[in-house]
Amino acid sequence: VNQVLMGLFASGRDRLQNGQCNAVRPILTRIIQHMTVPLIQGTLRYAYKAENKIFSGTGSKEKAEGAVFAAAVLPLVAHCDTASAAIVYDNMKIGASITSQRAVLAAFESNYACLGISCGDVGALHDGDYVANNPCVDMSVSKSDDKKKDDNKEELPIWGIVVIILLSLLACAVCVMVVIMVQKEKSGVPVFSPVKFPEIPGA
């Protein structure tokens, strides 16, 4: 994915330098599509850790990181299918009672074509061997295209998608900070300490 992105960046740069602005738009679309791949991979990785309780401590760190990855890609998934986005959200949100890596994976896989990526792009969680699921087989892109035509949805502008992703990342960063603050408070090491004002003589 990184190699593909570097090629797309270079191609977009060359066209901008040559004044071919209209030719940059499809390149930008492909860049956004490929940048969803690491977000999906991160979500699946932490879904696997949360389900199997592979934690370095209480699990709050891993769950928070999974929630951040999921929130960053959720707007794009919701644009393809709101039901799939709801499945990812319910399994990865902070405070989720249970996480099913298979459910999250299935929700993503059913939207790969709509997202403009493939099973080969995402791959599967691997640690010497496949630790969760084998890589999926790509579905027909035409099925997603027919669905989009039937739904008759207006395509979301690229700038709108970028704004949504940035806002999602900001919101998730705040959530992570809150989790960290709560953990420090519980451990007796508060992030903020009360201010002691000097005594006024004669008061």
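Residues numbered from 1 in each chain as written. Predicted model: local features only at pLDDT ≥ 70, side-chain atom pairs only at ≥ 80, totals over all residues. Heavy atoms only, no water.

Re empty space enclosed by the protein
Picture a little ball the size of a water molecule; that probe, rolled over the atoms, points out where space is still empty. Scanning the model with the defined rule gives one cavity of 30 Å³ or more in all. Roughly 80 Å³ of volume is contained in the largest cavity. For the lining of the largest cavity, the secondary-structure elements that each account for two or more residues are α2 (24-52), α3 (60-80) and α4 (82-92). Taken together, the residues of the lining of the largest cavity break down into five nonpolar, three polar and three charged. (1 Å grid on protein atoms, 1.4 Å probe; cavity = no way out; pocket = protein on both sides within 12 Å on 5 of 7 lines; lining within 4 Å. Points joined across faces, edges and corners; volume = space filled by probe spheres on them. Helix = DSSP H or I, 4+ residues; strand = E, 2+ residues; numbered from the N terminus. Nonpolar A, V, L, I, M, F, W, Y, C, P; charged D, E, K, R; others polar.)

Quick notes on the side chain of Gln 33
Structurally, Gln 33 is set in helix α2. Taking the relative accessible area as the measure of exposure, Gln 33 reaches 17% and is therefore buried. Only 2.3 Å separates the side chain of Gln 33 from the side chain of Arg 30, close enough to count as a polar contact. Leave out the neighbours within four places in its chain, and Gln 33 touches Leu 115, Gly 116 and Ile 117. (Buried < 20%, exposed > 50% of the residue type's maximum accessible area, 1.4 Å probe, protein only. Polar contact = N/O pair within 3.5 Å; in protein donor to acceptor, adjacent residues only side chain to side chain. Contact = heavy atoms within 4.5 Å.)

Some points on the packing of helix α1 (residues 2-17) against α2
Axis separation between α1 and α2 bottoms out at 10 Å; the angle between their running directions is 160 degrees. Comparing the axis directions of α1 and α2 gives the class roughly antiparallel. Viewed along their axes, α1 and α2 form a crossing whose handedness is left-handed. In this structure, α1 contributes Val 4, Leu 5, Leu 8, Phe 9, Ser 11, Gly 12, Arg 15 and Leu 16 to the contact, and α2 contributes Val 24, Ile 27, Arg 30, Ile 31, His 34 and Met 35. Residues belonging to the contact of α1 with α2 are distributed by class as follows: nine nonpolar, three polar and two charged. (Axes fitted to C-alpha atoms, helices over the stretch in contact; angles between N-to-C directions. Parallel < 35°, antiparallel > 145°, perpendicular 65-115°, else oblique. Left-handed = near helix turned anticlockwise from the far one by under 90°.)

Describing the packing of α4 against helix α5 (residues 101-109)
One way to put it is that α4 packs onto α5 with a least axis distance of 9 Å and a crossing angle of 155 degrees. Classified by the angle between their axes, α4 and α5 sit roughly antiparallel to one another. Note that α4 runs across α5; the crossing there is left-handed. Contacts between α4 and α5 involve Ser 84, Ile 87, Val 88, Asn 91 and Met 92 from the first element and Ala 103, Val 104, Ala 107 and Phe 108 from the second. Class assignment of the residues belonging to the contact of α4 with α5 gives a composition of seven nonpolar, two polar and no charged.

Examining a nonpolar patch on the surface
On the surface, a cluster of nonpolar side chains totalling about 320 Å² of accessible area is made up of Met 6, Phe 9 and Met 35. Tracing the chain through its elements places Phe 9 in helix α1. In this structure Phe 9 comes out as partly exposed when scored by relative accessible area, which is 39%. (Patch = residues over 30% accessible without salt bridge, like charges linked within 9 Å, V, L, I, M, F, W, Y side chains within 5 Å. Areas by Shrake-Rupley, 256 points an atom, 1.4 Å probe, with all protein chains shown as cover. Salt bridge = Lys/Arg side-chain N within 4 Å of Asp/Glu carboxyl O.)

A short note on α4
For α4, the complete set of buried residues consists of Ser 84, Ala 85, Val 88, Asn 91 and Met 92. The buried side chains of α4 occupy one side of the element, clustering within an arc of 135 degrees when seen end-on. Of the surrounding elements, those touching the buried residues of α4 are α2, α3 and α5. (Arc of directions from axis to C-beta.)

Observations concerning the state of the cysteines
Across all of its chains, the model carries one disulfide by this definition. Between the sulfur of Cys 80 and that of Cys 114 lies a disulfide, 2.2 Å long from S to S. Judged by the torsion about the S-S bond (-90 degrees), the Cys 80/Cys 114 disulfide is left-handed. On the criterion of sequence distance, the pair formed by Cys 80 in helix α3 and Cys 114 in helix α6 (residues 112-115) is long-range, its members being 34 residues apart. Here Cys 80 and Cys 114 have matching classes, each one buried. (Disulfide = S-S within 2.5 Å.)

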